[in-house]
Amino acid sequence: HLGSVIAYFTSAKFLLYLGHALSTWGDRMWHFAVSVFLVELYGNSLLLTAVYGLVVAGSVLLLGALIGDWVDKNSRLKVAQTSLIVQNSSVILCGVILMIIFLFKTQLLTLYHGWLLTLCYILVITIANIANLASTATAITIQRDWIVVVAGEDRSKLADMNATIRRIDQLTNILAPMAVGQIMTFGSPMIGCGFISGWNLMSMCVEYLLLWKVYQKTPTLAHKSAKVEASELKQLNVKKDSDMKPAEGVQLIIEKDVAGSEPQQEKEVGCAARIAEPFITFRDGWVAYYNQPVFLAGMGLAFLYMTVLGFDCITTGYAYTQGLSGSVLSLLMGASAVTGILGTVAFTWLRRKCGLIRTGLISGVAQFACLILCVISVFMPGSPMDLTVSPFADISARLFENEPLPTIASPEAEMIFATGMPNLLNGSSAPANSDPEMSPEPVPLISVSLLFAGVIAARVGLWSFDLTVTQLLQENVIESERGIINGVQNSMNYLLDLLHFIMVILAPNPEAFGLLVLISVSFVAMGHIMYFRFAQKSLGKQLFVCHTPDPKAAPDSSPPGNTSTV
């Protein structure tokens, strides 16, 4: 027994988990902290945070296909190590710049009429964006490629590994912001910057070593399909015959030979061709994604990002307007993490019982059924829904009355540092129920209770569905296209996420939140209808015949043929 325990803790699978846990912990700390730092630096306004969010989403949307193409064209170890170093170095550099700004902000304001400080803000957002792009490359190569190779031909092992990765994500989503929030609360933002920079430096060294160990323990990682030129992507998706000649198909080669086999190809390439290459890659990447047999499943997942029904700053801000305290929200976030982990357990069990595609169907039905509670909450007592109120009435009133923005020392700002939950929304400087003498009679909690009950319960189906589509992409996208297809999938996810923020900007007042809930549920429904169409095309008459598949073969997890589903 001791030998088996030691064997597990030294296995490639466990080392991959450990590396992912370290990487995700650093990521979550940084994503939370940078938003709070930007709020404090810019006079407690959300402007810099909004600009940062827009830049990040726009960059992944435009560059997702190019990042994926770079992942495909280079050796696995080179991609993993490069993205790891760029990501962590960017965060460390950002932390150092932020520390300098916190130390010398008054001096920077006077130099060159404040333009030097503005340049520092631009630098922080630019470098933080580079860190996010490198993080995207790391996620594609590790979670969409390395994990498939480490699992080998065993699809049950792949499903278990995917589920474990998601459990790590769920735990770090809650614990990492809380940890760094405590440090900033009892120390200072500058100490928080120093801690995050130090953590990323240490983590980078350990992760680098873990990647190398996993690479050594899994010899098949050294074998990768030859890189595919952008102009060939569409052809590969239209027809992938099993008996292709080596010159026509995808050849299996050793990675170390990839770099040395290209001198003849790099002869005379015109300047115009070099300029056009990224645009051609972008176009052909999206065409390749469109032609994938799992296109509708990927689109279904992307549509789930067009929602306000999650634990982001929008929903927590709405909760504050409805009288929920920070401690209650902390408990609700903890409950959402538990249901998310239950979703990963449900995924592995359902996949064994019913197969992969049917698991997605069952998960979709479960998620949508839970979200019906959110729809009901819109019409229950206590719901502020009133479409006669102008969405911008509150904003215009504040502008004309010259009301100050909330200060970083306000109760809700302290709660940000302590619990990791931003709530600087709607310009309120205290929770709705902070002063019972000044506030009107308490709002009935039945509406907001039903809303959060639906959101929390739906996460079981949400995470099970997410894992289903993730594994469908892993199993059905050929190795030479894994990077670019997953890059485009990330772009689609960010596009719908961006649309949901635009939707909130157009209707930011609590009275319109009920309408946003109804729109969100509609998009979730459309996403699951797309997935149902994919499942119908894949399984045909066997769609509702639930049987126990062979755990390794999983015959119903791969759609028949390889033609477009559109």
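Residues numbered from 1 in each chain as written. Predicted model: local features only at pLDDT ≥ 70, side-chain atom pairs only at ≥ 80, totals over all residues. Heavy atoms only, no water.

Structural notes on the overall build of the chain
Across its full length, the chain holds 18 helices and 2 strands. Across the 566 residues that make up the chain, the buried fraction comes to 51%. Long-range pairs, those at least 24 residues apart, make up 86% of the contacts in the chain with a sequence separation of at least 6. (Helix = DSSP H or I, 4+ residues; strand = E, 2+ residues; numbered from the N terminus. Buried < 20%, exposed > 50% of the residue type's maximum accessible area, 1.4 Å probe, protein only. Contact = heavy atoms within 4.5 Å.)

Points about the nonpolar core
General note: in soluble globular proteins, nonpolar side chains tend to be found buried as a group. Of all hydrophobic cores here, the largest spans 69 residues; its most connected members are Val308, Leu309, Phe452, Val517 and Tyr531. Three or more residues apiece are contributed to this core by two domains, here domain 1 (1-222) and domain 2 (275-391 + 444-543). Setting aside residues no more than four positions away along its own chain, Phe452 makes contact with Phe311, Thr315, Ala319, Leu324, Leu329 and Leu332. Core analysis: the second largest hydrophobic core is formed by 57 residues, Met29, Ala80, Met184 and Val214 among them. (Core = buried A, V, L, I, M, F, W, Y, C linked by side-chain atoms within 4.5 Å. Domains from an automatic or database assignment.)

Structural notes on the side chain of Arg166
For Arg166, the position within the fold is in helix α6 (residues 155-186). At 3.3 Å, the side chain of Arg166 and the side chain of Thr470 are in polar contact. (Polar contact = N/O pair within 3.5 Å; in protein donor to acceptor, adjacent residues only side chain to side chain.)

Side note on the environment of Leu84
Checked against the element boundaries, Leu84 lands in helix α4 (residues 76-110). The contact partners of Leu84, leaving out residues within four places of it in the chain, are Thr138, Met204, Glu207, Tyr208 and Leu211.

Let's talk about the packing of helix α2 (residues 12-41) against helix α5 (residues 115-151)
Relative to each other, α2 and α5 sit at 160°, their axes nearing to 11 Å. The pairing of α2 with α5 is recorded here as roughly antiparallel in orientation. α5 is crossed by α2, and the crossing has left-handed handedness. Residues Ala12, Lys13, Leu16, His20, Asp27, Trp30, His31, Leu38 and Leu41 of α2 touch α5, and the partners they reach there are Tyr121, Val124, Ala128, Asn132, Ser135, Ile142, Gln143, Trp146, Ile147 and Val150. Here the residues of the contact of α2 with α5 are counted per class, giving 12 nonpolar, 5 polar and 2 charged. (Axes fitted to C-alpha atoms, helices over the stretch in contact; angles between N-to-C directions. Parallel < 35°, antiparallel > 145°, perpendicular 65-115°, else oblique. Left-handed = near helix turned anticlockwise from the far one by under 90°. Nonpolar A, V, L, I, M, F, W, Y, C, P; charged D, E, K, R; others polar.)

Some details on α6
Between its first and last C-alpha, α6 extends 47 Å over 32 residues, near the 46 Å set by a 1.5 Å rise per residue. A bend of about 35° at Thr172 is the largest found in α6. If you check the start of α6, you find a side-chain oxygen 3.0 Å away from the backbone N of Ser156, and it comes from Asp154. (Expected span 1.5 Å × (residues − 1). Bend = angle between axes of the 7 residues up to and from the residue.)

Section: the packing of helix α16 (residues 446-476) against helix α18 (residues 513-539)
Axis separation between α16 and α18 bottoms out at 13 Å; the angle between their running directions is 30°. When the interaxial angle is binned, α16 and α18 end up roughly parallel. Two packed elements cross with a definite hand, and for α16 against α18 that hand is left-handed. In contact with Leu451, Phe465, Thr468, Val469 and Leu472 of α16, α18 contributes Phe513, Val517, His528, Tyr531 and Phe534. Of the residues contributing to the contact of α16 with α18, the split by class is 8 nonpolar, 2 polar and no charged.

Some thoughts on the pattern of salt bridges
Per the counting criterion, the structure on display carries 10 salt bridges. The partner of Arg76 in a salt bridge is Glu479, and the shortest N-O contact between them spans 2.9 Å. Here the residue Arg76 occupies a position in helix α4, and Glu479 occupies one in the loop between α16 and α17 (482-506), the gap between them amounting to 403 residues. Relative accessible area serves as the criterion here: at 23%, Glu479 is assigned to the partly exposed category. Put simply, Asp145 and Arg482 hold a salt bridge, and the shortest N to O gap is 2.7 Å. Taken as a pair, Asp145 in helix α5 and Arg482 in helix α17 lie far apart in primary sequence, 337 residues in all. Owing to a relative accessible area of 9%, Arg482 belongs among the buried residues under this scheme. It is possible to trace a salt-bridge network through shared partners that takes in Arg76, Asp145, Glu479 and Arg482. (Salt bridge = Lys/Arg side-chain N within 4 Å of Asp/Glu carboxyl O.)

Topic: helix α9 (residues 271-290)
Its 20 residues place the ends of α9 30 Å apart at the C-alpha level, agreeing with the 28 Å of an ideal helix rising 1.5 Å per residue. At Glu277, α9 is bent by approximately 35°, the largest bend along its length, and proline Pro278 sits one to four residues beyond. Within α9 the residues assigned to the buried category are Thr281, Asp284, Gly285, Ala288 and Tyr289.

Structural notes on a nonpolar patch on the surface
Taken together, the side chains of Val96, Ile100, Leu103 and Phe104 define a hydrophobic patch exposed on the protein surface, amounting to about 340 Å² of accessible area. Relative to the helices and strands, Val96 is located in helix α4. We classify Val96 as partly exposed; its relative accessible area is 39%. (Patch = residues over 30% accessible without salt bridge, like charges linked within 9 Å, V, L, I, M, F, W, Y side chains within 5 Å. Areas by Shrake-Rupley, 256 points an atom, 1.4 Å probe, with all protein chains shown as cover.)

So, the confidence of the model for the chain
Per-residue pLDDT for the chain has a mean of 80; in total, 77% of the residues score no lower than 70. Per-element confidence in the chain is highest for helix α10 (residues 295-303), whose mean pLDDT is 97, and lowest for strand β2 (residues 252-254), whose mean pLDDT is 38. With pLDDT under 50 throughout, residues 228-268 is counted as low confidence; its partners more than four residues away or in other chains account for 59 contacts. Note on residues 402-440: pLDDT under 50 across the span, and 81 contacts to partners over four residues away in sequence or across chains. (pLDDT = per-residue confidence, 0-100.)

Here's the deal with the environment of Leu462
Of note, Leu462 is situated in helix α16. Counting along the chain gives 119 residues from Leu462 to Gly343, while the straight-line C-alpha distance between them is 7.3 Å. For Leu462, the contacting residues outside a window of four places in its chain are Leu304 and Gln367.

Side note on the environment of Gln81
Examined against the element boundaries, Gln81 turns out to sit in helix α4. Taking the relative accessible area as the measure of exposure, Gln81 reaches 14% and is therefore buried. Through-space distance from the C-alpha of Gln81 to that of Leu211 is 7.7 Å; in sequence the pair is 130 residues apart. With residues near it in sequence (within four places) discarded, Gln81 still touches Tyr208, Leu211 and Trp212.

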